[in-house]
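# Notes for the structure review
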Amino acid sequence: MTPIAHGIGGQHDLPLSPFYAFAGAFAALLVSFLALGLLWSRSRFRGDLAGRPLPPALQRAADAPLTRKLLRALGLAAYLLTLAAALFGSPDPQANPAPGLLYAVLWAGLVPVSLLLGPVWRLLDPLRTLHALACRATGRDASAGRRELPDGLGHWPAAAGLLAYAWTELASPDATAPATVAAFLVGYSLAQLAGAARYGDRWFDRCDAFTVYSALIGSLAPLGRRHDGRLVLRLPFHGLDAIPRVPGLTATVCVLLGATGYDGFTSAPLWVRTVQSGPLDPTLIRTLGLLATIALVALVHGACTTAARRIAGRTGDLPGLFAHALVPVAVGYLIAHYLTLLLSEAPRTVVLLADPFATGAGTAVPASAALPGAGTVAATQVLAIVLGHVGGVVAAHDRAVRHFPAERALAGQIPLLVLMMCYTLGGLTLLFLG
(Lines give C-alpha, C1' and ligand atoms only; values in the text may rest on other atoms or scores of the structure.)
Protein backbone atom coordinates (compact mmCIF):
# COMPACT_ATOMS: atom_id res chain seq x y z
CA MET A 1 0.00 0.00 0.00
CA THR A 2 1.21 3.48 -0.68
CA PRO A 3 2.30 5.58 2.31
CA ILE A 4 -0.62 6.55 4.48
CA ALA A 5 -1.33 10.18 3.72
CA HIS A 6 -4.75 11.58 4.33
CA GLY A 7 -4.50 15.11 3.07
CA ILE A 8 -4.43 16.31 -0.51
CA GLY A 9 -1.24 18.29 -0.42
CA GLY A 10 0.45 21.08 1.42
CA GLN A 11 -0.96 24.51 2.04
CA HIS A 12 0.30 25.74 -1.32
CA ASP A 13 -1.66 22.96 -3.04
CA LEU A 14 -4.97 23.21 -1.16
CA PRO A 15 -7.35 24.97 -3.58
CA LEU A 16 -9.08 27.01 -0.88
CA SER A 17 -8.23 30.31 0.74
CA PRO A 18 -7.23 29.80 4.41
CA PHE A 19 -8.68 33.24 5.25
CA TYR A 20 -12.12 32.40 3.94
CA ALA A 21 -12.05 28.93 5.48
CA PHE A 22 -11.20 30.25 8.95
CA ALA A 23 -13.53 33.25 8.67
CA GLY A 24 -16.42 31.08 7.52
CA ALA A 25 -15.83 28.53 10.26
CA PHE A 26 -15.71 31.06 13.09
CA ALA A 27 -18.71 32.93 11.68
CA ALA A 28 -20.69 29.68 11.57
CA LEU A 29 -19.83 28.95 15.20
CA LEU A 30 -20.70 32.45 16.42
CA VAL A 31 -23.96 32.65 14.48
CA SER A 32 -24.96 29.20 15.74
CA PHE A 33 -24.16 30.14 19.32
CA LEU A 34 -26.14 33.40 19.17
CA ALA A 35 -29.10 31.84 17.37
CA LEU A 36 -29.29 29.01 19.88
CA GLY A 37 -29.10 31.45 22.77
CA LEU A 38 -32.01 33.47 21.39
CA LEU A 39 -34.26 30.71 20.05
CA TRP A 40 -33.47 27.57 22.05
CA SER A 41 -34.36 28.01 25.71
CA ARG A 42 -35.27 24.42 26.63
CA SER A 43 -33.90 20.97 25.88
CA ARG A 44 -35.35 19.39 22.74
CA PHE A 45 -33.44 16.14 22.39
CA ARG A 46 -35.00 13.01 23.85
CA GLY A 47 -32.28 10.41 23.36
CA ASP A 48 -33.55 6.87 22.84
CA LEU A 49 -37.16 7.93 23.39
CA ALA A 50 -37.29 9.67 19.99
CA GLY A 51 -37.82 8.40 16.48
CA ARG A 52 -40.43 7.34 13.95
CA PRO A 53 -40.72 3.52 13.77
CA LEU A 54 -39.81 1.84 10.51
CA PRO A 55 -42.35 -0.46 8.82
CA PRO A 56 -42.67 -3.84 10.61
CA ALA A 57 -41.40 -5.70 7.53
CA LEU A 58 -38.09 -3.81 7.66
CA GLN A 59 -37.84 -4.39 11.39
CA ARG A 60 -38.34 -8.14 10.92
CA ALA A 61 -35.80 -8.29 8.09
CA ALA A 62 -33.19 -6.41 10.11
CA ASP A 63 -33.67 -8.56 13.21
CA ALA A 64 -34.05 -11.89 11.41
CA PRO A 65 -31.64 -14.61 12.61
CA LEU A 66 -30.57 -15.21 9.00
CA THR A 67 -29.59 -11.54 8.58
CA ARG A 68 -27.50 -11.61 11.73
CA LYS A 69 -25.84 -14.91 10.83
CA LEU A 70 -24.92 -13.61 7.39
CA LEU A 71 -23.39 -10.44 8.84
CA ARG A 72 -21.44 -12.42 11.43
CA ALA A 73 -20.18 -14.78 8.74
CA LEU A 74 -19.13 -11.82 6.59
CA GLY A 75 -17.24 -10.20 9.46
CA LEU A 76 -15.52 -13.45 10.43
CA ALA A 77 -14.54 -14.25 6.83
CA ALA A 78 -13.05 -10.75 6.35
CA TYR A 79 -11.14 -11.04 9.64
CA LEU A 80 -9.70 -14.48 8.82
CA LEU A 81 -8.73 -13.34 5.32
CA THR A 82 -7.00 -10.24 6.68
CA LEU A 83 -5.13 -12.24 9.31
CA ALA A 84 -4.12 -14.94 6.82
CA ALA A 85 -2.89 -12.39 4.29
CA ALA A 86 -0.93 -10.54 6.97
CA LEU A 87 0.68 -13.76 8.25
CA PHE A 88 1.22 -15.70 5.03
CA GLY A 89 0.89 -13.22 2.18
CA SER A 90 3.51 -11.16 0.41
CA PRO A 91 5.71 -9.00 2.66
CA ASP A 92 5.34 -6.24 0.08
CA PRO A 93 2.54 -3.85 1.19
CA GLN A 94 1.90 -3.04 -2.47
CA ALA A 95 0.85 -6.64 -3.12
CA ASN A 96 -0.78 -7.52 0.21
CA PRO A 97 -4.38 -6.47 0.98
CA ALA A 98 -4.03 -6.74 4.79
CA PRO A 99 -2.84 -3.15 5.44
CA GLY A 100 -5.57 -1.73 3.22
CA LEU A 101 -8.22 -3.90 4.87
CA LEU A 102 -7.24 -2.64 8.33
CA TYR A 103 -6.54 1.02 7.64
CA ALA A 104 -8.75 1.90 4.67
CA VAL A 105 -11.63 -0.57 4.68
CA LEU A 106 -12.13 -1.08 8.43
CA TRP A 107 -10.99 2.15 10.08
CA ALA A 108 -11.86 4.66 7.38
CA GLY A 109 -14.77 2.68 5.93
CA LEU A 110 -16.56 2.33 9.26
CA VAL A 111 -17.10 6.10 9.33
CA PRO A 112 -19.56 6.47 6.40
CA VAL A 113 -21.17 3.07 7.04
CA SER A 114 -21.80 3.82 10.72
CA LEU A 115 -22.96 7.34 9.91
CA LEU A 116 -25.58 5.89 7.58
CA LEU A 117 -26.65 2.66 9.29
CA GLY A 118 -25.65 3.04 12.94
CA PRO A 119 -23.32 0.88 15.06
CA VAL A 120 -22.88 -1.88 12.48
CA TRP A 121 -19.66 -3.26 13.93
CA ARG A 122 -21.59 -4.92 16.74
CA LEU A 123 -23.18 -7.19 14.11
CA LEU A 124 -19.98 -7.74 12.11
CA ASP A 125 -17.48 -8.08 14.98
CA PRO A 126 -15.53 -11.30 14.32
CA LEU A 127 -14.15 -11.48 17.85
CA ARG A 128 -17.66 -11.53 19.28
CA THR A 129 -18.44 -14.36 16.84
CA LEU A 130 -15.31 -16.30 17.84
CA HIS A 131 -16.23 -15.89 21.50
CA ALA A 132 -19.75 -17.15 20.84
CA LEU A 133 -18.45 -20.17 18.89
CA ALA A 134 -15.97 -21.03 21.63
CA CYS A 135 -18.69 -20.80 24.27
CA ARG A 136 -20.99 -23.00 22.21
CA ALA A 137 -18.24 -25.60 21.79
CA THR A 138 -17.57 -25.68 25.55
CA GLY A 139 -21.22 -25.52 26.61
CA ARG A 140 -20.90 -22.10 28.23
CA ASP A 141 -23.26 -19.13 28.13
CA ALA A 142 -21.61 -16.43 25.98
CA SER A 143 -23.18 -13.67 28.06
CA ALA A 144 -21.92 -15.08 31.36
CA GLY A 145 -18.34 -14.46 32.42
CA ARG A 146 -16.36 -15.60 35.39
CA ARG A 147 -16.92 -12.19 36.97
CA GLU A 148 -19.31 -9.29 36.62
CA LEU A 149 -18.08 -6.46 34.42
CA PRO A 150 -17.21 -3.61 36.83
CA ASP A 151 -19.25 -0.47 36.16
CA GLY A 152 -16.18 1.64 36.84
CA LEU A 153 -14.32 0.04 33.96
CA GLY A 154 -16.58 1.83 31.45
CA HIS A 155 -14.89 2.65 28.15
CA TRP A 156 -11.34 2.78 29.53
CA PRO A 157 -10.26 -0.45 27.76
CA ALA A 158 -11.78 0.91 24.53
CA ALA A 159 -9.74 4.09 24.92
CA ALA A 160 -6.61 1.96 25.40
CA GLY A 161 -7.52 -0.12 22.34
CA LEU A 162 -7.98 2.99 20.20
CA LEU A 163 -4.62 4.27 21.42
CA ALA A 164 -3.01 0.94 20.47
CA TYR A 165 -4.53 1.17 17.00
CA ALA A 166 -3.46 4.80 16.62
CA TRP A 167 0.09 3.91 17.65
CA THR A 168 0.17 1.06 15.15
CA GLU A 169 -0.99 3.29 12.31
CA LEU A 170 0.79 6.51 13.17
CA ALA A 171 3.84 5.79 15.30
CA SER A 172 5.03 2.21 14.73
CA PRO A 173 8.28 1.70 12.79
CA ASP A 174 6.55 0.42 9.63
CA ALA A 175 2.78 0.77 9.76
CA THR A 176 2.12 -0.60 6.27
CA ALA A 177 4.16 -3.78 6.73
CA PRO A 178 1.95 -6.88 6.79
CA ALA A 179 3.96 -8.09 9.80
CA THR A 180 2.90 -4.97 11.71
CA VAL A 181 -0.74 -5.56 10.80
CA ALA A 182 -0.44 -9.21 11.89
CA ALA A 183 1.11 -8.24 15.23
CA PHE A 184 -1.67 -5.77 15.94
CA LEU A 185 -4.44 -8.19 14.96
CA VAL A 186 -3.05 -11.05 17.03
CA GLY A 187 -2.32 -8.93 20.10
CA TYR A 188 -5.61 -7.07 19.97
CA SER A 189 -7.62 -10.25 19.39
CA LEU A 190 -6.02 -12.07 22.32
CA ALA A 191 -6.70 -9.12 24.63
CA GLN A 192 -10.34 -8.85 23.61
CA LEU A 193 -11.04 -12.57 23.78
CA ALA A 194 -9.43 -12.74 27.21
CA GLY A 195 -11.68 -9.90 28.41
CA ALA A 196 -14.77 -11.60 27.00
CA ALA A 197 -13.81 -14.92 28.61
CA ARG A 198 -13.55 -13.20 31.96
CA TYR A 199 -16.58 -10.88 31.78
CA GLY A 200 -18.88 -12.32 29.08
CA ASP A 201 -19.92 -10.72 25.82
CA ARG A 202 -20.93 -7.47 27.56
CA TRP A 203 -17.20 -6.81 27.38
CA PHE A 204 -17.41 -6.05 23.66
CA ASP A 205 -20.14 -3.39 24.02
CA ARG A 206 -18.18 -1.41 26.59
CA CYS A 207 -14.54 -2.29 26.03
CA ASP A 208 -13.93 -3.25 22.39
CA ALA A 209 -12.38 -0.27 20.65
CA PHE A 210 -13.99 -0.83 17.25
CA THR A 211 -17.44 -1.51 18.70
CA VAL A 212 -17.29 1.71 20.72
CA TYR A 213 -15.81 3.59 17.74
CA SER A 214 -18.68 2.46 15.50
CA ALA A 215 -21.27 3.13 18.21
CA LEU A 216 -20.09 6.70 18.78
CA ILE A 217 -20.13 7.47 15.06
CA GLY A 218 -23.41 5.59 14.66
CA SER A 219 -25.07 7.79 17.27
CA LEU A 220 -25.30 10.38 14.48
CA ALA A 221 -27.00 7.99 12.05
CA PRO A 222 -30.59 8.64 10.92
CA LEU A 223 -31.32 4.98 11.79
CA GLY A 224 -31.40 4.05 15.44
CA ARG A 225 -32.89 1.91 18.16
CA ARG A 226 -35.51 3.29 20.48
CA HIS A 227 -35.48 2.25 24.14
CA ASP A 228 -38.06 -0.46 23.36
CA GLY A 229 -35.84 -1.99 20.65
CA ARG A 230 -37.77 -0.61 17.68
CA LEU A 231 -35.81 0.54 14.64
CA VAL A 232 -36.61 4.19 14.02
CA LEU A 233 -35.79 7.13 11.81
CA ARG A 234 -34.61 10.06 13.92
CA LEU A 235 -32.74 13.31 13.91
CA PRO A 236 -29.07 12.52 14.55
CA PHE A 237 -28.95 14.69 17.67
CA HIS A 238 -31.40 12.38 19.45
CA GLY A 239 -28.95 9.52 19.00
CA LEU A 240 -26.11 11.73 20.16
CA ASP A 241 -28.05 12.59 23.29
CA ALA A 242 -28.56 8.86 23.98
CA ILE A 243 -24.83 8.14 24.33
CA PRO A 244 -24.50 6.66 27.83
CA ARG A 245 -22.33 8.57 30.26
CA VAL A 246 -19.87 5.95 31.41
CA PRO A 247 -16.34 6.23 32.83
CA GLY A 248 -13.76 6.62 30.11
CA LEU A 249 -16.11 8.20 27.56
CA THR A 250 -14.25 11.51 27.63
CA ALA A 251 -10.91 9.72 27.35
CA THR A 252 -12.14 7.69 24.38
CA VAL A 253 -13.28 10.74 22.44
CA CYS A 254 -10.11 12.64 23.32
CA VAL A 255 -8.02 9.75 21.97
CA LEU A 256 -10.02 9.88 18.73
CA LEU A 257 -9.60 13.64 18.43
CA GLY A 258 -5.97 13.67 19.45
CA ALA A 259 -4.92 10.78 17.23
CA THR A 260 -6.68 12.25 14.20
CA GLY A 261 -5.18 15.65 14.94
CA TYR A 262 -1.71 14.14 15.22
CA ASP A 263 -2.29 12.36 11.93
CA GLY A 264 -2.89 15.73 10.28
CA PHE A 265 0.33 17.10 11.79
CA THR A 266 2.60 14.26 10.65
CA SER A 267 2.96 15.63 7.12
CA ALA A 268 3.94 19.14 8.26
CA PRO A 269 7.49 19.88 7.05
CA LEU A 270 8.68 20.86 10.54
CA TRP A 271 7.50 17.59 12.03
CA VAL A 272 8.94 15.53 9.16
CA ARG A 273 12.36 17.15 9.74
CA THR A 274 12.09 16.57 13.49
CA VAL A 275 11.37 12.87 13.01
CA GLN A 276 14.05 12.36 10.39
CA SER A 277 16.88 14.32 11.98
CA GLY A 278 15.91 14.58 15.65
CA PRO A 279 18.20 13.38 18.46
CA LEU A 280 15.82 10.56 19.45
CA ASP A 281 14.68 7.39 17.75
CA PRO A 282 11.97 8.22 15.16
CA THR A 283 9.51 5.74 16.69
CA LEU A 284 9.98 7.33 20.10
CA ILE A 285 9.52 10.82 18.64
CA ARG A 286 6.30 9.77 16.89
CA THR A 287 5.04 8.09 20.06
CA LEU A 288 5.72 11.17 22.16
CA GLY A 289 4.06 13.37 19.54
CA LEU A 290 0.95 11.18 19.51
CA LEU A 291 0.68 11.14 23.31
CA ALA A 292 1.33 14.89 23.55
CA THR A 293 -1.41 15.68 21.03
CA ILE A 294 -3.94 13.54 22.87
CA ALA A 295 -2.91 15.12 26.18
CA LEU A 296 -3.31 18.62 24.69
CA VAL A 297 -6.82 17.81 23.45
CA ALA A 298 -7.76 16.48 26.89
CA LEU A 299 -6.18 19.46 28.67
CA VAL A 300 -8.06 22.03 26.59
CA HIS A 301 -11.32 20.14 27.06
CA GLY A 302 -10.78 19.85 30.81
CA ALA A 303 -9.89 23.54 31.19
CA CYS A 304 -12.94 24.76 29.23
CA THR A 305 -15.42 22.45 30.98
CA THR A 306 -13.98 23.45 34.36
CA ALA A 307 -14.53 27.10 33.46
CA ALA A 308 -18.09 26.29 32.35
CA ARG A 309 -18.77 24.50 35.63
CA ARG A 310 -17.64 27.50 37.67
CA ILE A 311 -19.64 29.98 35.63
CA ALA A 312 -22.76 27.83 35.78
CA GLY A 313 -22.31 27.07 39.47
CA ARG A 314 -22.50 23.29 38.96
CA THR A 315 -20.65 20.44 40.59
CA GLY A 316 -19.94 16.96 39.32
CA ASP A 317 -18.40 15.46 36.19
CA LEU A 318 -18.91 18.20 33.64
CA PRO A 319 -16.37 16.78 31.14
CA GLY A 320 -18.43 13.57 31.09
CA LEU A 321 -21.67 15.53 30.80
CA PHE A 322 -20.47 17.24 27.62
CA ALA A 323 -18.29 14.47 26.17
CA HIS A 324 -21.05 13.61 23.68
CA ALA A 325 -20.62 17.07 22.12
CA LEU A 326 -17.13 16.06 21.00
CA VAL A 327 -18.43 13.16 18.92
CA PRO A 328 -19.54 15.25 15.90
CA VAL A 329 -16.22 17.11 16.15
CA ALA A 330 -14.35 13.80 16.04
CA VAL A 331 -16.47 12.59 13.11
CA GLY A 332 -15.71 15.79 11.21
CA TYR A 333 -11.99 15.26 11.76
CA LEU A 334 -12.23 11.61 10.73
CA ILE A 335 -13.95 12.51 7.47
CA ALA A 336 -11.48 15.30 6.73
CA HIS A 337 -8.36 13.25 7.40
CA TYR A 338 -9.39 9.84 6.08
CA LEU A 339 -11.47 10.83 3.06
CA THR A 340 -8.65 10.53 0.54
CA LEU A 341 -7.38 7.30 2.12
CA LEU A 342 -10.83 5.74 1.79
CA LEU A 343 -11.35 6.92 -1.79
CA SER A 344 -7.92 5.93 -3.05
CA GLU A 345 -6.90 2.83 -1.07
CA ALA A 346 -10.20 1.01 -0.44
CA PRO A 347 -10.86 0.34 -4.18
CA ARG A 348 -7.23 -0.70 -4.62
CA THR A 349 -7.52 -3.10 -1.70
CA VAL A 350 -10.64 -4.66 -3.21
CA VAL A 351 -8.66 -5.35 -6.40
CA LEU A 352 -5.89 -6.98 -4.34
CA LEU A 353 -8.45 -9.37 -2.85
CA ALA A 354 -8.60 -11.14 -6.22
CA ASP A 355 -5.16 -12.57 -5.33
CA PRO A 356 -4.71 -12.04 -1.56
CA PHE A 357 -1.54 -14.17 -1.31
CA ALA A 358 0.14 -12.68 -4.40
CA THR A 359 0.32 -15.95 -6.33
CA GLY A 360 0.29 -14.15 -9.65
CA ALA A 361 -3.24 -15.24 -10.55
CA GLY A 362 -4.84 -11.86 -9.89
CA THR A 363 -5.32 -8.90 -12.14
CA ALA A 364 -2.96 -5.95 -12.35
CA VAL A 365 -3.30 -3.59 -9.40
CA PRO A 366 -3.40 0.16 -10.03
CA ALA A 367 -1.18 2.41 -7.92
CA SER A 368 -4.31 3.99 -6.45
CA ALA A 369 -7.83 4.82 -7.45
CA ALA A 370 -8.60 8.14 -9.10
CA LEU A 371 -9.77 10.83 -6.70
CA PRO A 372 -12.40 13.50 -7.28
CA GLY A 373 -11.14 16.96 -8.10
CA ALA A 374 -8.92 18.59 -5.50
CA GLY A 375 -11.44 21.39 -5.01
CA THR A 376 -14.25 18.94 -4.27
CA VAL A 377 -12.15 16.97 -1.79
CA ALA A 378 -10.89 20.11 -0.05
CA ALA A 379 -14.37 21.63 0.21
CA THR A 380 -15.68 18.36 1.68
CA GLN A 381 -12.87 18.27 4.24
CA VAL A 382 -13.41 21.86 5.38
CA LEU A 383 -17.18 21.42 5.44
CA ALA A 384 -16.85 18.26 7.55
CA ILE A 385 -14.75 20.07 10.14
CA VAL A 386 -17.05 23.10 10.29
CA LEU A 387 -20.27 21.07 10.47
CA GLY A 388 -18.74 18.84 13.12
CA HIS A 389 -18.00 21.82 15.34
CA VAL A 390 -21.40 23.41 14.74
CA GLY A 391 -22.95 20.07 15.69
CA GLY A 392 -20.88 20.10 18.86
CA VAL A 393 -22.18 23.59 19.71
CA VAL A 394 -25.80 22.45 19.22
CA ALA A 395 -25.33 19.31 21.32
CA ALA A 396 -23.61 21.24 24.11
CA HIS A 397 -26.29 23.95 24.11
CA ASP A 398 -29.13 21.46 24.47
CA ARG A 399 -27.36 19.71 27.35
CA ALA A 400 -26.55 23.05 28.99
CA VAL A 401 -30.14 24.36 29.01
CA ARG A 402 -31.19 21.04 30.52
CA HIS A 403 -28.65 21.00 33.35
CA PHE A 404 -27.55 24.59 33.96
CA PRO A 405 -29.63 27.17 35.87
CA ALA A 406 -31.67 29.15 33.36
CA GLU A 407 -30.05 32.46 34.27
CA ARG A 408 -26.54 31.01 33.72
CA ALA A 409 -27.15 28.62 30.86
CA LEU A 410 -25.88 30.91 28.10
CA ALA A 411 -22.94 32.33 30.05
CA GLY A 412 -21.91 28.83 31.08
CA GLN A 413 -21.61 27.85 27.43
CA ILE A 414 -19.06 30.53 26.55
CA PRO A 415 -16.10 28.33 27.60
CA LEU A 416 -17.61 25.50 25.52
CA LEU A 417 -17.79 27.85 22.53
CA VAL A 418 -14.14 28.73 23.12
CA LEU A 419 -13.40 24.99 23.20
CA MET A 420 -15.05 24.52 19.81
CA MET A 421 -13.15 27.50 18.41
CA CYS A 422 -9.85 26.09 19.65
CA TYR A 423 -10.56 22.74 18.05
CA THR A 424 -11.69 24.44 14.84
CA LEU A 425 -8.51 26.49 14.72
CA GLY A 426 -6.42 23.39 15.26
CA GLY A 427 -8.37 21.24 12.79
CA LEU A 428 -8.26 23.73 9.93
CA THR A 429 -4.63 24.59 10.60
CA LEU A 430 -3.66 20.93 10.38
CA LEU A 431 -5.74 20.53 7.23
CA PHE A 432 -3.91 23.39 5.52
CA LEU A 433 -0.55 22.19 6.83
CA GLY A 434 -1.06 18.63 5.63
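Residues numbered from 1 in each chain as written. Predicted model: local features only at pLDDT ≥ 70, side-chain atom pairs only at ≥ 80, totals over all residues. Heavy atoms only, no water.

### A word on the overall build of the chain
To keep it simple, the criterion reads: Numbering goes from the N terminus for both helices and strands, where a helix is a DSSP run of H or I of at least four residues and a strand is a run of E of at least two. Whether a residue is buried, partly exposed or exposed follows from its accessible area with a 1.4 Å probe, protein chains only, as a fraction of its type maximum: under 20%, in between, or over 50%, in that order. By definition, residues are in contact when any of their heavy atoms lie within 4.5 Å. The charged-residue count follows a simple rule in which Lys and Arg add positive charge and Asp and Glu add negative charge, with His and chain termini not counted at all. A charged residue contributes its charge at one atom only: NZ of Lys, CZ of Arg, CG of Asp or CD of Glu.
A count of helices and strands for the chain gives 20 helices and three strands. For the C-alpha atoms alone, the extent of the chain along its principal axes is close to 70 × 55 × 45 Å. The burial tally for the chain puts 49% of its 434 residues in the buried class. If you take every contact in the chain between residues at least 6 apart in sequence, the share linking residues at least 24 apart comes to 82%. Positive and negative side-chain charges in the chain, numbering 31 and 22 respectively, have mean positions lying 9 Å apart.

### Thoughts on the nonpolar core
Selection criterion: Residues belong to a common nonpolar core when they are buried Ala, Val, Leu, Ile, Met, Phe, Trp, Tyr or Cys residues joined through side-chain atoms within 4.5 Å.
In terms of nonpolar packing, the biggest core is built from 105 residues, with Trp-107, Tyr-213 and Leu-257 touching the most fellow members. The biggest single contributor to this core is helix α17 (residues 326-352), with 11 residues. Excluding anything up to four places from it in sequence, Tyr-213 contacts Trp-107, Leu-110, Val-111, Leu-162, Leu-256 and Leu-334.

### Brief notes about the sheet that holds strand β3 (residues 231-233)
We count it as follows: Between any two strands, at least two bridges found by DSSP are needed for them to pair.
The strand order across the open sheet built from three strands is β1-β3-β2, with neighbouring strands paired in antiparallel fashion. Looking at which strands have only one partner, the edges of the open sheet turn out to be β1 (52-53) and β2 (223-225). Taken together, the two bridges between β1 and β3 define a ladder with antiparallel strand orientation. Bridging across to β3, Arg-52 finds its partner in Leu-233.

### What to know about helix α7 (residues 126-138)
The following threshold applies: Residue count minus one, scaled by 1.5 Å, sets the expected span of a helix. A 3.5 Å cut-off defines polar contacts: any pair of N or O atoms within that distance qualifies, except that in protein one atom must be a possible hydrogen donor and the other a possible acceptor, and neighbouring residues in sequence count only when both atoms are side-chain atoms.
Taking 1.5 Å per residue as the helical rise, α7 with its 13 residues ought to reach 18 Å, and the 18 Å between its terminal C-alpha atoms agrees with that figure. For α7, every residue scored as buried is listed here: Pro-126, Leu-127, Arg-128, Thr-129, His-131 and Cys-135. Turning to α7, the residues buried within the fold contact α3 (65-88), α6 (121-124), α9 (178-199), α10 (202-207) and α11 (209-218). The N-cap of α7, judged by a side-chain oxygen 3.0 Å from the amide nitrogen of Leu-127 a few residues on, is Asp-125. Looking one or two residues past α7, Gly-139 carries a phi angle of roughly 75°, positive in sign.

### Structural notes on the pattern of salt bridges
Filter applied, for reference: Should a side-chain nitrogen of Lys or Arg be within 4 Å of a carboxyl oxygen of Asp or Glu, the pair is scored as a salt bridge.
Scanning all chains against the criterion turns up nine salt bridges. The closest approach of N and O atoms between Asp-205 and Arg-128, which form a salt bridge, is 2.9 Å. In this pair, Asp-205 sits in helix α10 while Arg-128 sits in helix α7, placing the two residues 77 residues apart along the sequence. Taking the relative accessible area as the measure of exposure, Asp-205 reaches 30% and is therefore partly exposed. Looking at Arg-128, the relative accessible area reads 11%, which means it is buried.

### Some details on the packing of helix α4 (residues 98-108) against helix α8 (residues 156-170)
The cut-off we apply is this: Working convention: axes come from line fits to C-alpha atoms, limited for helices to the stretch in contact. Angles between N-to-C directions cover 0 to 180 degrees. The cut-offs work like this: below 35 degrees is roughly parallel, past 145 is roughly antiparallel, 65 to 115 is roughly perpendicular, and the gaps in between are oblique. Crossings are assigned a handedness: left-handed for a near helix turned anticlockwise from the far helix by less than a right angle, right-handed for a clockwise turn. When residue character is reported, Ala, Val, Leu, Ile, Met, Phe, Trp, Tyr, Cys and Pro are called nonpolar, Asp, Glu, Lys and Arg charged, and the others, Gly included, polar.
Look at α4 against α8: their axes get within 12 Å of each other, and the N-to-C directions meet at 140°. In terms of axis orientation, α4 runs oblique to α8. Every pair of crossing elements has a handedness; the one defined by α4 and α8 is left-handed. Contacts between α4 and α8 involve Leu-102, Tyr-103 and Trp-107 from the first element and Leu-162, Tyr-165, Thr-168 and Glu-169 from the second. Within the contact of α4 with α8, the residues separate by chemical class into five nonpolar, one polar and one charged.

### A few points about the packing of helix α14 (residues 269-277) against helix α15 (residues 282-312)
Put simply, α14 and α15 touch, their axes get as near as 8 Å, and they point 140° apart. As the angle between them shows, α14 and α15 are arranged oblique. Taken together, the residues of α15 that come into contact with α14 (itself represented by Trp-271, Thr-274 and Val-275) are Pro-282, Ile-285, Arg-286 and Gly-289. Here the residues of the contact of α14 with α15 are counted per class, giving four nonpolar, two polar and one charged.

### A look at the environment of Cys-304
Tracing the backbone through its elements, the reader meets Cys-304 in helix α15. It is 23 Å that separates the C-alpha atoms of Cys-304 and Phe-265, two residues lying 39 residues apart in sequence. The contact partners of Cys-304, leaving out residues within four places of it in the chain, are Pro-415 and Leu-419.

### Quick word on the confidence of the model for the chain
Note the cut-off: As a per-residue quantity, pLDDT reports the predictor's confidence and falls between 0 and 100.
Put simply, the chain has an average pLDDT of 88, and 92% of its residues get 70 or more. Least confident of the elements in the chain is helix α16 (residues 318-321), whose mean pLDDT is 72; most confident is α8, at 97. Here residues 1-12 is modelled with pLDDT under 50, and outside its nearest four sequence neighbours on either side it reaches 43 contacts, counting other chains as well.

### Focus: the packing of aromatic side chains
Condition: Ring pairs are drawn from Phe, Tyr and Trp, using the six-membered ring of Trp, whenever the two centres fall within 6.5 Å, and their geometry is named by plane angle: stacked under 30 degrees, edge-to-face over 60, tilted for the rest. Only when the NZ of Lys or the CZ of Arg is both within 6 Å of the ring centre and within 35 degrees of the ring normal is a charge said to sit over the ring.
Considering all chains together, one arrives at 18 aromatic pairs under this definition. Judged by centre distance (4.3 Å) and plane angle (25°), the ring pair of Trp-107 and Tyr-165 falls under stacked. On the criterion of sequence distance, the pair formed by Trp-107 in helix α4 and Tyr-165 in helix α8 is long-range, its members being 58 residues apart. Note on Trp-107: relative accessible area 5%, which makes it buried. Looking at Tyr-165, the relative accessible area reads 1%, which means it is buried. These aromatic residues form a ring-pair network of at least three members: Tyr-103, Trp-107, Trp-121, Tyr-165, Phe-184, Tyr-188, Phe-210, Tyr-213 and Tyr-338. Lying across the ring of Trp-40, Arg-44 places its NZ or CZ 4.9 Å from the centre.

### Describing the side chain of Arg-399
Checked against the element boundaries, Arg-399 lands in helix α18 (residues 374-403). Under the relative-accessibility criterion, Arg-399 is labelled buried at 4%. Reaching out from Arg-399, the side chain makes a polar contact with the side chain of Asp-241 at a distance of 3.1 Å. Not counting the four nearest positions on each side in its chain, Arg-399 is found in contact with Asp-241, Arg-245, Leu-321, Phe-322 and His-324.

### Comments concerning a positive patch on the surface
Applied cut-off: Each patch groups residues whose relative accessible area exceeds 30% and which form no salt bridge, using 9 Å between like charges and 5 Å between nonpolar side chains of Val, Leu, Ile, Met, Phe, Trp and Tyr. Shrake-Rupley sampling with a 1.4 Å probe provides the accessible areas, and residues are treated as covered by the protein chains on show and by no other component.
Together, Arg-140, Arg-146, Arg-147 and Arg-198 give the surface a local cluster of positive charge. Look at Arg-198 and you get partly exposed, because its relative accessible area is 36%.

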